[in-house]
2 protein chains.
Amino acid sequence: MILVNQKQIARELGISIATVSNALTGKGRVSADVIQLVTARAEELEYFPSAAGRALKTGRSGILGLVIPDITHPVFPDFAHGVETEAEKCGYGILIADSRGTEAGQKTAIDQLIQRGVDGIIIIPTRSSNPNTSKVPTAIVSTPTDPKSNVAANHRQGGQLSAQTLFDLGHRNFLLIGEDPMSPVQNERIDGMKDILDGAAKFEIYWANEEFPDLVLKAKEGVTACLAVSDLLALRVITEAGRLGVRCPDALSVIGFDNLPLGTAVRPTLSTIMPDTTELARRAVGYLNSAIRQDSDQPSSSVVEMGIILRESTQKITQPTQQGD
Amino acid sequence: MILVNQKQIARELGISIATVSNALTGKGRVSADVIQLVTARAEELEYFPSAAGRALKTGRSGILGLVIPDITHPVFPDFAHGVETEAEKCGYGILIADSRGTEAGQKTAIDQLIQRGVDGIIIIPTRSSNPNTSKVPTAIVSTPTDPKSNVAANHRQGGQLSAQTLFDLGHRNFLLIGEDPMSPVQNERIDGMKDILDGAAKFEIYWANEEFPDLVLKAKEGVTACLAVSDLLALRVITEAGRLGVRCPDALSVIGFDNLPLGTAVRPTLSTIMPDTTELARRAVGYLNSAIRQDSDQPSSSVVEMGIILRESTQKITQPTQQGD
DNA sequence: CTATGATGATTAAACGATTAATCAAGAATA
DNA sequence: TATTCTTGATTAATCGTTTAATCATCATAG
């Protein structure tokens with residue numbers, strides 16, 4: 001608990017504080033011997049520069065804020081993890097704040113972060129809100145169709161990939177399942193699926209919040225593939241099918257989104273579409289970092305493509321015939 | 001981006017900086033009128049005290065560190081969320097660091113946090129490590145059997161609750177499923193189950209990492225209930241059963257641990273055991289807070305009980321008879 | 001009328017690091 | 001020899017806030 005500061009090192013070595021600072025930061029003019037001496041002593045004493053002292057003088061805290069709607073939702077920790085590792089590479093720490101999905105919560109979260117002196121903020125905005133952040137550099141991670149977005153995953157292309165993959169496996173009769181028809185993300189994913197299927201295959205859309213399809217009936221009608229907008233929804237489809245006797249993936253192929261941990265626990269293991277979260281995080285941190293440094297030549301908006309992870313739940317169609325009884 | 005500090009307020013009001021500080025913090029001697037004047041002007045200018053300036057002078061940053069093994073694992077975000085809200089109540093922000101499950105990662109994470117000037121650290125240690133944190137107040141969140149633990153969830157009692165609940169529903173032939181036989185947490189949960197079942201019912205233990213039971217065979221042998229040490233494992237049991245035609249919960253009741261989001265998505269919805277994470281977080285933050293303030297009269301270790309959430313996957317036994325063919 | 005107190009505000013010194021300005025001394029140049 | 005350059009180090013100011021010490025003023029007590 002005892003403090004080791006530059007003053008102490010300077011005193012012990014009989015030199016000035018400024019020289020210590022210069023030696024440690026590599027600025028100014030210091031002889032090689034003194035640098036050697038200072039760094040050695042600093043090492044010995046386990047000296048760490050005071051974050052507060054440095055922040056006060058330089059006006060930079062070395063901390064980024066991350067505002068997410070709900071840390072409990074399994075989509076976000078993955079991104080948070082990516083941001084954390086990317087930030088560390090740039091010498092930043094991250095302060096996480098939960099906006100609880102509300103616009104008021106988002107506002108207080110942002111204020112809190114600013115008050116704590118963060119150098120910049122990465123925001124995943126709550127449903128179509130307009131975070132006011134004139135006071136500090138900001139990177140907004142949203143959807144490609146959101147004009148405020150600085151970084152986004154290409155949900156529509158993800159939807160296309162989902163549909164195209166199953167189409168290529170021979171499926172021609174689809175069930176598209178969303179959860180909340182008001183969600184922009186889910187709509188973009190569904191739109192992407194429609195891009196591929198319109199005119200090329202039969203399909204129906206259900207929103208689980210309103211009505212969940214009767215899988216036995218649908219199987220009788222010839223449906224062989226189900227494209228869900230999330231892994232949680234896909235899980236519901238798989239287990240619902242299991243209890244109803246619709247065999248998966250033999251009778252029904254299923255694919256989700258987000259690559260949640262449950263995807264490898266469920267049987268059959270779940271195929272899924274997801275963005276490269278590391279890349280997403282890299283761009284968000286990179287954008288923010290150059291905004292902080294005021295590098296002007298930075299793209300104001302970028303979109304990262306989604307990829308696919310094929311597991312057991314998606315299969316080549318066996319015979320495009322009716323099943324059930 | 002323009003700075004509002006005490007100096008500016010002082011200048012505008014024609015008074016000294018010290019008076020501004022005293023007026024805003026309520027210390028020293030300031031007349032009621034001046035306090036009124038200062039706070040009003042501060043409000044207008046949207047003044048926020050500089051975190052760096054204050055931290056430098058007071059030696060306290062108002063930030064707590066939270067070290068978790070893997071933010072991606074769905075168990076932790078729930079706790080992190082609790083810590084974040086509890087910390088906020090005490091006026092702290094939290095800096096999250098991921099130790100990546102390794103002891104080296106844990107060490108660097110802790111060093112990083114100290115370097116950033118946190119006032120204290122909450123650590124969920126990686127598997128039986130001994131975090132060295134002599135430099136800063138620390139709260140360790142581990143298991144009741146870990147002597148270093150300051151706060152813990154009662155995993156053994158959770159295991160008891162799991163077994164007792166199914167026993168009370170009439171089950172007498174159990175499958176206990178763990179994942180990793182080296183995990184202290186999982187062993188404590190299994191031990192709790194054994195506390196109840198030993199001598200009172202038939203049971204078998206499987207470790208999924210080594211061998212997953214043949215559910216059809218087990219059902220034939222009369223097993224009617226499966227106690228898993230985690231929701232992910234329970235999910236695997238439910239879906240594996242589903243594809244093998246072992247009906248759940250009619251033929252097999254299943255219960256897990258941790259109350260993951262997937263529990264309400266899977267069909268049948270999953271019964272689960274979990275600690276009150278809010279309470280867990282409250283105690284961790286409370287313990288740390290008083291350690292920081294050096295309140296000596298604080299219990300050095302406390303244990304929080306686990307509760308149960310009953311959903312569809314656990315049922316009263318219908319008939320304790322063989323099924324299958 | 002002077003000594004004492006209470007009140008309200010100011011001065012000035014920290015906290016720890018950074019950095020522009022300065023200075024001393026030896027080397028190179030005229 | 002006098003002058004300029006270079007090198008290596010020091011001084012001192014600064015960031016924004018807190019806080020002990022000081023001071024002025026006016027009221028009260030002696």
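Further up the page is the structure itself.
Residues numbered from 1 in each chain as written. Chains lettered and ligands numbered in written order. Predicted model: local features only at pLDDT ≥ 70, side-chain atom pairs only at ≥ 80, totals over all residues. Heavy atoms only, no water.

**Some words on the sheet that holds strand β9 (residues 253–257) of chain B**
All names here are of chain B. Strand order in the open sheet formed by 6 strands is β7-β6-β8-β9-β10-β12, with mixed pairing between adjacent strands. Strands at the two margins of the open sheet, each flanked by one partner only, are β7 (202–207) and β12 (306–309). Pairwise comparison of adjacent strand axes, ignoring direction, gives a mean angle of 20° for this sheet. (Pairing = 2+ DSSP bridges. Helix = DSSP H or I, 4+ residues; strand = E, 2+ residues; numbered from the N terminus. Axes fitted to C-alpha atoms, helices over the stretch in contact; angles between N-to-C directions.)

**Section: the protein's contact with DNA strand D**
What surrounds DNA strand D is a group of 27 residues, the closest being T19 and S31 of chain A together with L3, Y47 and R54 of chain B. Counting only the atoms of DNA strand D that lie within 4 Å of the protein, the sugar and phosphate share comes to 62%. Between DNA strand D and S21 of chain B there is a distance of 3.0 Å, counted from a phosphate oxygen to a side-chain nitrogen or oxygen. Here the element with the most residues in the surface near DNA strand D is helix α2 (residues 17–25) of chain B; it accounts for 5 residues. (Near = heavy atom within 4 Å. Polar contact = N/O pair within 3.5 Å; in protein donor to acceptor, adjacent residues only side chain to side chain.)

**A few points about the interface of chain B and chain A**
By a widespread convention, an interface's size corresponds to the accessible area lost as its parts come together. At the junction of the two partners, chain B supplies 53 residues and chain A supplies 54 residues. Surface buried jointly by chain B and chain A totals about 4,600 Å² across both partners, of which 58% is contributed by carbon and sulfur atoms. If you sort the residues of chain B by the area they bury against chain A, R116, R243 and R267 of chain B come out on top, with a joint share of 14%. For E46 of chain A, the salt bridge identified is with K135 of chain B, shortest N-O distance 2.8 Å. Applying the counting rule to chain B against chain A returns 15 residue pairs in polar contact (both at pLDDT 80 or more). Put simply, the parts of the chain that give the side of chain B that touches chain A at least two residues each are α4 (51–58), α5 (76–89), β2 (93–98), α6 (103–115) and α10 (231–244) of chain B. Of the residues belonging to the side of chain B that touches chain A, the class tally is 26 nonpolar, 13 polar and 14 charged. (Contact = heavy atoms within 4.5 Å. Buried area = accessible area lost by both parts, 1.4 Å probe. Salt bridge = Lys/Arg side-chain N within 4 Å of Asp/Glu carboxyl O. Nonpolar A, V, L, I, M, F, W, Y, C, P; charged D, E, K, R; others polar.)

**Description of the packing of aromatic side chains**
Inspection of every chain in the model, using the stated rule, returns 0 aromatic pairs over all chains. The aromatic ring of F167 of chain A is capped on one face by R172 of chain A, whose charged end is 3.7 Å from the ring centroid. (Phe/Tyr/Trp six-rings, centres within 6.5 Å; stacked < 30°, edge-to-face > 60°. Lys NZ or Arg CZ within 6 Å of the ring centre and 35° of its normal.)

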